[in-house]
Amino acid sequence: MQDIMLPITSLTAIFLACLHLALTWRVITIRRKDGVVLGDNDDRVLTKAIRGQANAAEQIPLGLILLGLSELQGGPFMLLCVLALVFTAGRTMHAVYFGVPGTPWPLRFYGMFLTLVGHAGLVCTLGFTVLT
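Attention in this report is confined to the structure presented alongside it. (Residues numbered from 1 in each chain as written. Predicted model: local features only at pLDDT ≥ 70, side-chain atom pairs only at ≥ 80, totals over all residues. Heavy atoms only, no water.)

**Side note on the overall build of the protein**
Next up, step 1: Across its full length, the protein holds 4 helices and 0 strands.
Next up, step 2: Ordered by position in the sequence, the α and β elements of the protein form the string α-α-α-α.
Next up, step 3: Overall, the protein is about 55 × 35 × 20 Å in size when its C-alpha atoms are taken along their principal axes.
Next up, step 4: The 132 residues of the protein split such that 37% are buried.
Next up, step 5: Nonlocal contacts in the protein, meaning residues at least 24 apart in sequence, comprise 69% of its contacts between residues at least 6 apart.
Next up, step 6: For the protein, the accessible surface area stands at approximately 8,100 Å², while carbon and sulfur atoms represent 72% of it.
Next up, step 7: Charge-centre separation for the protein: the mean point of 9 positive side chains lies 8 Å from the mean point of 7 negative side chains. (Helix = DSSP H or I, 4+ residues; strand = E, 2+ residues; numbered from the N terminus. Buried < 20%, exposed > 50% of the residue type's maximum accessible area, 1.4 Å probe, protein only. Contact = heavy atoms within 4.5 Å. Areas by Shrake-Rupley, 256 points an atom, 1.4 Å probe, with all protein chains shown as cover. Lys, Arg positive; Asp, Glu negative; His and termini not counted. Charge placed at Lys NZ, Arg CZ, Asp CG, Glu CD.)

**Observations regarding the side chain of T125**
Next up, step 1: Here T125 lies in helix α4 (residues 106-131).
Next up, step 2: Excluding its chain neighbours within four sequence positions, the residues that come into contact with T125 are S70, P76, L79, L80 and L83.

**Focus: the packing of helix α2 (residues 44-72) against helix α3 (residues 77-99)**
Next up, step 1: Packing of α2 against α3 brings their axes to within 10 Å, and their N-to-C directions diverge by 175 degrees. In terms of orientation, α2 and α3 fall into the roughly antiparallel class. Facing K48, A49, R51, G52, N55, A56, Q59, I60, G63, L67, S70 and E71 of α2, the residues of α3 in contact are L80, A84, F87, R91, H94, Y97 and F98.
Next up, step 2: Broken down by class, the residue content of the contact of α2 with α3 amounts to 9 nonpolar, 6 polar and 4 charged. (Axes fitted to C-alpha atoms, helices over the stretch in contact; angles between N-to-C directions. Parallel < 35°, antiparallel > 145°, perpendicular 65-115°, else oblique. Nonpolar A, V, L, I, M, F, W, Y, C, P; charged D, E, K, R; others polar.)

**Examining α4**
Next up, step 1: With 26 residues, α4 ought to run about 38 Å at 1.5 Å a step, and its terminal C-alpha atoms sit 37 Å apart, in line with that.
Next up, step 2: Contacts from the buried residues of α4 go to α2 and α3. (Expected span 1.5 Å × (residues − 1).)

**As for the environment of W25**
Next up, step 1: Among the structural elements, W25 can be located in helix α1 (residues 7-34).
Next up, step 2: Residue classification places W25 among the exposed residues on the basis of a relative accessible area of 58%.
Next up, step 3: Separated by 97 residues in the primary sequence, W25 and L122 have C-alpha atoms spaced 29 Å apart.

Structure (structure tokens):
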């Protein structure tokens, strides 16, 4: 049996999992402080925290799947490193907007922009690698 090594995907997954855990912890902390068991109790701070965590849960898996498949298919190492950094920077900026009160909204915009650039770059890299 051959060992499968995915160092770029593994390091990216470790960082993004920690980011997701931080967002999840923020939701839990707000819920416990305010005694909210289900929903958001019409609390804008809690709603924002919930959406930040949910968006991470929606976007991170696809990025890691694309990155892992690209790495398995032998995509260019440096290109995958750059795309992983772009994607991770986007997710981090987005998380900061949702996790740190008072953060200006452009961080959310540019965070999502970099997330989508990372996704698109990984889709193209995977497609090119598979088809050549």
